[in-house]
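# Structural overview
One letter stands for each residue in the lines below.
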Amino acid sequence: METASRWSKVADGNVVLEFIDVTLRGCAQVMFQNNPLTGLLFFIAIFVGAYGENNPAVAYGSVLGTVAATFAGLNVKDRTSWKAGLYGYNGCLVGAALPTFLDVSPILWLCIIMGGVVSVIVTLCIADVLKTWKVAALTAPFVLVTWTVLLSSYAFTELHANALPTPDLPHELLQASSAAASASHFFAGVLNGISEVFLLSSLIASLLLLVGLAVESLWAAVFAVCGALLAVLTASVLGAEQTSIDNGMYAFSAVLTAIALGSTFNQPSWRVLIYTVIGVIFTVFVQGALNTLLAPVGIPTLTMPFVLASWLFLVPNKEVMPVHRQ
Amino acid sequence: METASRWSKVADGNVVLEFIDVTLRGCAQVMFQNNPLTGLLFFIAIFVGAYGENNPAVAYGSVLGTVAATFAGLNVKDRTSWKAGLYGYNGCLVGAALPTFLDVSPILWLCIIMGGVVSVIVTLCIADVLKTWKVAALTAPFVLVTWTVLLSSYAFTELHANALPTPDLPHELLQASSAAASASHFFAGVLNGISEVFLLSSLIASLLLLVGLAVESLWAAVFAVCGALLAVLTASVLGAEQTSIDNGMYAFSAVLTAIALGSTFNQPSWRVLIYTVIGVIFTVFVQGALNTLLAPVGIPTLTMPFVLASWLFLVPNKEVMPVHRQ
Amino acid sequence: METASRWSKVADGNVVLEFIDVTLRGCAQVMFQNNPLTGLLFFIAIFVGAYGENNPAVAYGSVLGTVAATFAGLNVKDRTSWKAGLYGYNGCLVGAALPTFLDVSPILWLCIIMGGVVSVIVTLCIADVLKTWKVAALTAPFVLVTWTVLLSSYAFTELHANALPTPDLPHELLQASSAAASASHFFAGVLNGISEVFLLSSLIASLLLLVGLAVESLWAAVFAVCGALLAVLTASVLGAEQTSIDNGMYAFSAVLTAIALGSTFNQPSWRVLIYTVIGVIFTVFVQGALNTLLAPVGIPTLTMPFVLASWLFLVPNKEVMPVHRQ
């Protein structure tokens, strides 16, 4: 930890280094951690995952988005939040999400910059609204900004989508042969769920993310893995589509719900554990529900299931939990 | 009333009887009444209606949902609300709604239990948010939890829907022969509207529900009938689909709006009466609008038209009504 | 200005003249101005535009809606807001919008009266909710009431739509030949954008509206024109459909965003100018996004893009702007 405090001192004394420090913390805050080393490991994970999927623009986009948002955050009066990277993480996700679904073009990079800047305004807006109930904005700014750009891509020829689901009316899922389900599948679904937080399916990226989490909080890493496990289990019991489970699609929101409810906004205890288990299971239902709800407009849920479930479980926190909220 | 107070004394002294008392009050709170006898009559109405429609799971589901929610409510600090049954009514409706639309299976019963538990968390969340404007959660927790499960049923093979509307783009209604409209039709639409609050079309159930209402508040029963009457009249003038009117589909939300605006949150007066009339008519428009809005995703409106219209008319209460709000 | 103050004195002394004065101010408040002469010029513009499109019902509807809302507003305790026309402008827009999309019939006129009355209740409700964050209701009451009636028109045969978009799944826009874009097209898109605030495509109406704005605030007129210009430019660069751009469909919400952010709720400065530019550009994205989102249910966006973008940019105002908010 001595290295960490020495780095903090160096970063504080130099404008450029401070900006880099805050940008790294911005990336780490995607999973609620305020630690530049965690952010660095997360960025490495994104690069590994993005190059592994032959879509490096996702990695560069996430850097550009974090930088744009961190830069825009300089205009906000509240410097403590800025220093903790709390204006950066939504820009990071906007920058990773847009190249995942849209063709790379000069206008796309402009959209990432604009998205990063606007994500700060949305963060301020939502934080201001939610502070009445003492709840954080979570990744709602990322989801709202990205949904806006993705939805508008249907109306603008210069934004061409190549990986959005085709708009379609929802239809009952056909009974799939459950033969496909096996231990290795299960393992894939759990691990991919962790890297899918950054919209990537990559085992190495997932391991790097877990290391990054553990650097700052071992509990966070434990809850991430257990959340993914429980989510994959729930989705399998309910009979969700096997490919989606394997890709981690039912786990990534649950990972965030588990970290948020289990370790970030509550201190681990038996009571908190039960509450988190219910929250994670409900997140899987919200994931399925949002898949249906968004089918006719052809956009992905992103991390909205996590946001909705966590808001739901965090607002009444003080009425059901003992007062050890951080 | 002597019997009532004697019962209260007995119930207070015994944990099991108290739990039964609160469970009954939970059922009665679906129509805003805090009275175990009303709850008992309501449960009888549900059993009569459910067996009449050959779907007894609706009745057992409503009991299970109320019990699960009342049990979960024991964890909340606010005991006064718990004793009044305010944590139970949404679970009751979740338990009645899920077997109405989904196949009966072990997983369905687990969903009802989970839905009952989560409905308490949603109730706390919404109540906490709305207390800033001094408005109640109404049946919003029921609607949100049930929508989540019904929407997710399209994604999960183990939740099989048998009575959900097929997802479809909305299309202009063709001019129906209005020859079908007659006094007996009108009568059916009004009465079914009352039992449809519990998702049942049953004349006997409706009469039992009215008796249950009258036991606690005669005004509530009067407003229920008049609300249903006005709603059926409005829907007929606007040219809504005759079958839907006959089934009470345009009346059940209006019944609740009428009780809420007319007797629960205001004391009857001329001014309140006019306000309630506008509220009931607007509820019919919201019902039509939500039918269109939800068509592409294949889920029913449930009591959302009531919730939206009543929130709309209750928030500005103090600015347009004299100060006799209860 | 002497004439103005003399008029104010005359209007104050006579109930009928006062009502006319407030009705005119109600129309002017559609573009945030508190001035009866502005309102008179706006009404003239609406009549010119409506007769020019052979749909005079739009003009008479706007008068009826404003009168109904102003009349309903008499029941609210807050007389200062009433006198400023703040209960009238949403009724004005409801009255202009319904005959734009629905067949003229006795029931339509009743809907306009009801819509005007309910718009006041929605205004009170939203104002009450938003005052926690010191943000105005803007035209949200108009949009919500009109959406409700338009959506319900699919369910009611007596409300027949003749100009609503056919419900359809969104599909990628095909690359249009950009040969159509030219200076005169550009000019049309900008000017039509101003009259489209009242749902009309008319150059003369646009000029009258600009004169009306300038009468009360030159800055408002300047921001209206510049907002429309920037929006048309942005939409062209993004490759929006040329016909929609020419009709002013991408500019009318941006016009209102520009007036709101640039002159009504902030005093012009460099910082405010940059903020307004970002807000206007983002409004164009929200317009494209809402076009996609509403495609399956067949209703127009109305001024919702303006409402959403402006709320988003106005809530964090105090955290990013110096304290010269009006």
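Predicted, not measured: the structure shown is a model, and the values here were computed from it.

Here the focus is the relation of the copies chain C and chain A. Overlaying chain C on chain A yields an RMSD of 0.0 Å, the required transformation being a rotation through 120° with an accompanying axial translation of 0.0 Å. These values place the two chain copies in the arrangement generated by a three-fold rotation axis. Measuring from the rotation axis to each C-alpha of chain C, the shortest distance belongs to P296 of chain C, at 4.0 Å. Looking at the interface residues of chain C, only 11% of them are also at the interface in chain A, so each copy uses its own face.

A separate point is the pattern of salt bridges. All names here are of chain B. Following the criterion strictly, the structure yields 12 salt bridges over all chains and no others. Between E18 and K83 there is a salt bridge; the shortest N-O distance is 3.3 Å. Taken as a pair, E18 in helix α2 (residues 15-28) and K83 in helix α5 (residues 79-83) lie far apart in primary sequence, 65 residues in all. Judged by relative accessible area, E18 falls into the buried class, the value being 14%.

This next bit is on the interface of chain A and chain B. Counting residues at the interface gives 37 residues for chain A and 34 residues for chain B. With both sides pooled, the region where chain A packs onto chain B buries about 3100 Å², and carbon together with sulfur makes up 71% of that total. At the surface where chain A touches chain B, the tally comes to 0 salt bridges. Among the elements of the structure, α11 (218-238), α14 (270-294), α15 (304-314) and α16 (317-320) of chain A are those that each provide at least two residues to the side of chain A that touches chain B. Counting residues per element, the side of chain A that touches chain B draws most heavily on α14 of chain A, which supplies 12 residues. Residue composition of the side of chain A that touches chain B, grouped by class: 26 nonpolar, 6 polar and 5 charged.

Before going further, it helps to spend a moment on a nonpolar patch on the surface. All names here are of chain A. The grouping of L37, L40, I44, V48, I204, V211 and V215 at the surface amounts to a nonpolar patch, some 540 Å² of accessible area in total. Secondary structure elements with two or more residues in the nonpolar patch: α3 (36-52) and α10 (203-216). For V215, the position within the fold is in helix α10.

This brings us to the interface of chain C and chain A. With 37 residues of chain C in contact, the opposing surface of chain A contributes 34 residues. For the chain C and chain A pair, buried surface summed over both sides reaches about 3100 Å², with 71% attributable to carbon and sulfur atoms. A per-residue breakdown of the area chain C buries against chain A is headed by W133, E172 and F285 of chain C, which together make up 19% of the total. Here chain C is connected to chain A by 0 salt bridges.

The next thing to look at is the domain arrangement of chain A. Residues and elements named next belong to chain A. Each assigned domain of chain A is listed with its residue range as follows: domain 1 (8-153) and domain 2 (178-320). On a C-alpha basis, the centroid separation for the pair domain 1 and domain 2 is 21 Å. Both faces considered, domain 1 and domain 2 share a buried interface measuring about 3200 Å² in area, 82% of it formed by carbon and sulfur atoms. It is M31, F32 and W147 that lose the most area in domain 1 upon contact with domain 2, and together they represent 21% of the buried surface on that side. Counting across the domain 1 and domain 2 interface gives 0 salt bridges. In this structure, the connection of domain 1 to domain 2 is made through 6 residue pairs in polar contact (both at pLDDT 80 or more). Of all the secondary-structure elements, those providing two or more residues to the side of domain 1 that touches domain 2 are α3, α6 (89-101), α7 (106-130) and α8 (140-153).

The next thing to look at is the environment of P165 of chain A. In this structure, P165 of chain A sits in the loop between α8 and α9 (183-195). Residues P165 of chain A and I299 of chain A lie 134 residues apart in sequence; the distance between their C-alpha atoms is 6.3 Å.

Turning our attention to the side chain of N266 of chain C. Residue and element names in this part refer to chain C. Residue placement: N266 occurs in the loop between α13 (252-264) and α14 (270-294). For N266, a relative accessible area of 2% puts it in the buried group. For N266, the side chain forms a polar contact with the main-chain oxygen of L261, separated by 3.0 Å.

All names here are of chain A. Mapped onto this numbering, the UniProt entry gives "site: Important for channel permeability" (unreviewed entry) at T303. Relative to the helices and strands, T303 is located in the loop between α14 and α15. The class for T303 is buried, based on a relative accessible area of 2%.

Cut-offs used in this document
Residues numbered from 1 in each chain as written. Chains lettered and ligands numbered in written order. Predicted model: local features only at pLDDT ≥ 70, side-chain atom pairs only at ≥ 80, totals over all residues. Heavy atoms only, no water. Least-squares fit on C-alpha atoms with pLDDT ≥ 70 in both. Contact = heavy atoms within 4.5 Å. Salt bridge = Lys/Arg side-chain N within 4 Å of Asp/Glu carboxyl O. Helix = DSSP H or I, 4+ residues; strand = E, 2+ residues; numbered from the N terminus. Buried < 20%, exposed > 50% of the residue type's maximum accessible area, 1.4 Å probe, protein only. Buried area = accessible area lost by both parts, 1.4 Å probe. Nonpolar A, V, L, I, M, F, W, Y, C, P; charged D, E, K, R; others polar. Patch = residues over 30% accessible without salt bridge, like charges linked within 9 Å, V, L, I, M, F, W, Y side chains within 5 Å. Areas by Shrake-Rupley, 256 points an atom, 1.4 Å probe, with all protein chains shown as cover. Domains from an automatic or database assignment. Polar contact = N/O pair within 3.5 Å; in protein donor to acceptor, adjacent residues only side chain to side chain. UniProt positions renumbered as here; feature names shortened; annotations may be inferred.

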